[in-house]
Protein chains: 2
Amino acid sequence: MVAKGTYTPGERVPSIRQLSRQLRVSVNTVKAAYVHLEDRRIIEARPQSGYYVCPSLPEPPREPDIGASGTAAFNPAEVDAGGLVMRIMADVMDPGRVQFGAAVPDPALIPAEKLNRMLAAESRRFREESTGYAMPPGSLRLRTQITRRMVRSGCTLRPDDIIITTGATEAVFLALRAVCSPGDTLAVGSPIHFNFLQLFQSLGLRVLEIPSSPTDGISIEVLEKALREVPIRACLVISNFNNPLGICMPDERKRRLLALLARFDVPLIEDDINGDLPFSGRRPLTVKSWDTAGRVMLCASFSKTLAPGYRVGWIAPGRHFEAVIRQKLVTSIASATPTQLAVAEFLTSGGYARHLRAIRKAYRAKTAQMADAVGRAFPPGTRVTRPTGGFTLWLEMPRTVDSLALYGLAREQGITIAPGRIFSTTDRFGHCIRLNAALFSEKTRWAVEAVGRMAHQLAGDGPAQDSTD
Amino acid sequence: MVAKGTYTPGERVPSIRQLSRQLRVSVNTVKAAYVHLEDRRIIEARPQSGYYVCPSLPEPPREPDIGASGTAAFNPAEVDAGGLVMRIMADVMDPGRVQFGAAVPDPALIPAEKLNRMLAAESRRFREESTGYAMPPGSLRLRTQITRRMVRSGCTLRPDDIIITTGATEAVFLALRAVCSPGDTLAVGSPIHFNFLQLFQSLGLRVLEIPSSPTDGISIEVLEKALREVPIRACLVISNFNNPLGICMPDERKRRLLALLARFDVPLIEDDINGDLPFSGRRPLTVKSWDTAGRVMLCASFSKTLAPGYRVGWIAPGRHFEAVIRQKLVTSIASATPTQLAVAEFLTSGGYARHLRAIRKAYRAKTAQMADAVGRAFPPGTRVTRPTGGFTLWLEMPRTVDSLALYGLAREQGITIAPGRIFSTTDRFGHCIRLNAALFSEKTRWAVEAVGRMAHQLAGDGPAQDSTD
């Protein structure tokens with residue numbers, strides 16, 4: 001059935017009990033068949049959720065080349081500016097393009113009508129407040145709702161621990177401003193979200209890239225070695241469904257990371273922007289969940305789950321609370337009030353949990369389907385991550401494929417992709433790209449196929465062939 | 001009639017023609033009487049507007065002590081942080097206080113209902129756009145409306161010259177980030193809006209305070225001397241109805257300022273946040289109006305005229321456009337979308353010009369009435385500016401009055417004021433305070449009287465006396 005396309009990658013197949021009834025065979029027979037399919041990686045079991053069709057793609061790299069080199073000597077790097085990121089960001093606004101470049105959510109999965117209704121209702125309800133400053137730390141109602149949500153991630157925050165920001169980007173920016181000075185070195189998991197690299201550059205920070213593994217996240221072992229050898233002012237990780245790799249750090253690693261940083265008294269800036277987007281199971285914990293000393297500055301937003309244009313993010317900066325408030329006041333005074341009110345109302349009564357269930361399912365399917373399309377369209381040897389949350393895919397193509405050249409070709413065809421080079425100060429990811437699966441659909445499948453053909457061209461292996469079995 | 005309180009300070013008295021009819025005396029008799037009253041500064045003529053009751057207050061200082069010292073040697077100063085500004089900003093949120101400290105508009109003069117209606121309607125109308133990023137430079141419709149408005153100030157801007165920001169504060173922040181590096185020296189008109197001083201400090205900038213006169217604004221002569229002697233990276237002025245002095249730089253001075261800076265190839269950050277708030281006559285020009293070389297980075301917002309909580313500001317950064325866009329992207333990606341849409345709609349069809357006429361009149365009256373109340377309540381020798389726009393008053397009290405002590409006493413009584421010390425890196429303004437006249441009314445008159453009594457106490461001259469004749 002999978003081969004015939006009755007079930008497509010990422011879809012749930014009938015349960016053992018259902019199929020046993022449907023086919024009138026015993027439960028044990030179906031179970032044996034499913035185990036066989038699971039062994040061949042045609043389907044996969046997900047805890048408390050059932051069986052799903054696996055992406056029909058080359059085995060994802062368990063430990064790709066990521067960061068294998070570059071750890072011998074710790075040379076904090078300056079970040080190259082380059083207009084490329086600027087161009088990619090500008091392209092995001094162009095509705096004529098297929099947007100696989102920026103990690104923006106699917107507009108169809110934004111609860112626009114409900115949000116706009118709440119925006120209107122709350123502005124009416126809080127007539128005077130809605131036009132006045134929501135002075136930092138920002139809307140108390142919103143902060144209270146956030147603390148309630150974060151209980152799920154093992155964080156016991158009080159409303160007064162939180163500062164509302166203009167998206168998670170501003171949260172990270174404020175955190176960096178609060179604890180770093182120009183010339184300081186920042187340790188980051190590598191590869192790292194390109195906008196952050198640009199931010200480090202603009203703040204005059206030097207970057208020490210610590211390799212990440214697709215299963216464990218940032219290498220605690222390498223980080224420890226670096227902490228011994230180099231003065232590191234702060235550490236930044238995207239802990240859950242990391243951008244670009246989609247990694248969710250195992251809990252034990254989170255705990256160890258915090259213990260290590262505590263030993264060296266180094267603050268951690270933890271970006272948890274995708275924490276609400278696991279494909280299945282519980283919301284993951286955060287490093288902050290273990291933080292009793294206020295060492296972790298937890299940053300997040302509703303830009304991936306509700307509406308990026310509302311620019312509602314937050315930071316729980318621990319012991320750096322006053323410094324962050326101060327940075328917020330001097331750089332923009334406050335974030336817009338009406339969108340804070342609307343998000344607060346959505347969290348209070350808008351069915352945020354239900355909304356999350358729906359979009360998680362959609363992004364899980366899109367991610368699997370896009371990975372499948374990549375597997376079919378891209379040159380043999382292409383590897384792709386298998387994220388467990390969020391909505392980005394990271395591709396390692398054959399080393400002969402220059403991702404910058406691929407970016408240029410794709411752009412000419414009205415397709416944006418994010419070339420690997422902009423995710424690092426090194427050239428380690430020159431043959432990698434990040435794709436935004438949120439905008440994958442049957443309507444944009446052609447664009448994956450087109451980029452795949454271009455990659456084939458660049459790889460010098462002739463026209464695309466079906467790379468599955 | 002004025003003495004009896006029939007007409008209160010700031011109010012318009014009958015025209016010569018009207019009064020001649022009412023009193024059945026000749027036009028010439030009334031004219032002579034008015035000239036007499038004008039000579040005694042009981043009423044004043046305003047061009048194309050009629051005669052108004054003067055504030056009954058001591059003659060405002062033509063050239064106060066401001067900056068008379070400190071110009072001998074040019075020693076760029078580091079800014080002292082201090083928690084005082086933080087506390088003043090935090091106090092702004094406290095609805096239980098009389099807010100004379102921060103320069104916030106009168107909530108009663110914010111067109112909240114209309115704005116909220118537009119917020120709702122525009123979000124419905126642009127369903128998808130309203131939740132998506134308004135990527136920099138931001139809403140085209142809003143930028144187009146701004147260029148149309150700015151024709152009045154002699155600025156011929158194209159929509160593509162403008163970048164939408166999170167208020168004017170972010171605009172100035174981005175401008176500074178675009179052209180300055182830590183350690184650079186910035187020349188500013190002194191005294192200077194305290195939030196800017198804190199911003200300079202947080203950016204590691206050194207400040208060279210150039211004295212301002214209440215009639216001419218920043219001293220071009222002193223600035224020229226400084227430019228010859230000290231390396232100055234950029235200059236920042238609040239050109240129109242300056243905060244805190246309320247100065248509107250004469251056009252000729254604006255032109256000369258630009259010519260001077262051009263000669264030394266120094267960019268100008270021009271804050272025009274109050275430009276839309278003249279008490280009478282035309283909207284003033286900006287320095288940018290003469291800028292053909294893209295040297296001026298013009299910053300403004302709708303925080304004083306529409307709604308501070310909407311956080312809609314903008315910058316026209318001239319030749320530094322790309323650098324500012326880049327700073328905006330890396331620090332917060334974009335400003336909130338819905339409030340941009342609402343302000344764009346207000347400018348398009350909300351009667352912004354009519355709204356401005358109404359609030360200008362109100363702020364003119366409030367400023368005059370508060371100045372009058374100050375004149376009656378404060379110790380003899382207190383001087384107060386007579387601004388021609390905006391809504392702040394600057395008081396020079398007898399030198400024995402310590403404004404920090406006054407701030408502390410006032411705060412205990414639930415009244416906030418802005419002590420002069422936070423407007424400078426020097427201690428030149430220790431006996432000055434800034435008051436926000438926007439929140440002056442018959443309901444808050446008691447607070448001016450209370451602060452006046454405290455000032456009497458600190459001046460050591462016993463209880464308040466009526467200082468008017």
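Preceding this paragraph is the structure being described.
Residues numbered from 1 in each chain as written. Chains lettered and ligands numbered in written order. Predicted model: local features only at pLDDT ≥ 70, side-chain atom pairs only at ≥ 80, totals over all residues. Heavy atoms only, no water.

Moving on, we come to the interface of chain A and chain B. The interface is formed by 57 residues belonging to chain A together with 57 residues belonging to chain B. Contact between chain A and chain B buries roughly 4,700 Å² in total, counting both sides, with carbon and sulfur atoms accounting for 64%. Where chain A meets chain B, there are two salt bridges. A salt bridge links E113(B) to R127(A), with the shortest nitrogen-to-oxygen separation between them at 2.8 Å. Across the chain A-chain B interface, the total number found is 24 residue pairs in polar contact (both at pLDDT 80 or more). Counting only elements with at least two residues in the side of chain A that touches chain B, the list comes to α3 (84–91), α4 (112–125), α5 (127–131), α7 (167–179), α8 (194–202), α11 (321–332) and α12 (337–349) of chain A. Considered class by class, the residues forming the side of chain A that touches chain B number 29 nonpolar, 19 polar and nine charged. (Contact = heavy atoms within 4.5 Å. Buried area = accessible area lost by both parts, 1.4 Å probe. Salt bridge = Lys/Arg side-chain N within 4 Å of Asp/Glu carboxyl O. Polar contact = N/O pair within 3.5 Å; in protein donor to acceptor, adjacent residues only side chain to side chain. Helix = DSSP H or I, 4+ residues; strand = E, 2+ residues; numbered from the N terminus. Nonpolar A, V, L, I, M, F, W, Y, C, P; charged D, E, K, R; others polar.)

On to the side chain of T169(B). Inspection of the secondary structure puts T169(B) in helix α7 (residues 167–179). For T169(B), the contacting residues outside a window of four places in its chain are L329(A), V330(A), T331(A), S332(A), I333(A) and N195(B).

Below, the discussion takes up the sheet that holds strand β16 (residues 432–436) of chain A. In sheet architecture, strand pairing relies on hydrogen bonds along the backbone and comes in two forms, parallel and antiparallel. Spatially, the four strands line up as an open sheet ordered β12-β13-β16-β15 (chain A), and their pairing is antiparallel. Two strands bound the open sheet, and with one partner strand each, they are β12 (383–384) and β15 (418–419) of chain A. (Pairing = 2+ DSSP bridges.)

All names here are of chain B. The omega torsion across S190 and P191 is 0°, close enough to zero to call that bond cis. Along the chain, P191 turns up in the loop between β5 (185–190) and α8 (194–202). In this model, N243 is joined to P244 through a cis peptide bond whose omega is 20°. The topology assignment puts P244 in the loop between β8 (234–238) and α10 (251–264). One non-glycine residue, R311, lies in positive phi territory at about 55°. Tracing the backbone through its elements, the reader meets R311 in the loop between β10 (296–301) and β11 (313–316).

Here the focus is helix α11 (residues 321–332) of chain B. All names here are of chain B. For α11, built from 12 residues, the straight-helix expectation of 16 Å at 1.5 Å per residue is met to within 8% by its first-to-last C-alpha distance of 17 Å. Counting buried positions over the 12 residues of α11 gives 10, a clear majority of the element. In the segment just after α11, I333 is the residue with positive phi, at about 65°. (Expected span 1.5 Å × (residues − 1). Buried < 20%, exposed > 50% of the residue type's maximum accessible area, 1.4 Å probe, protein only.)

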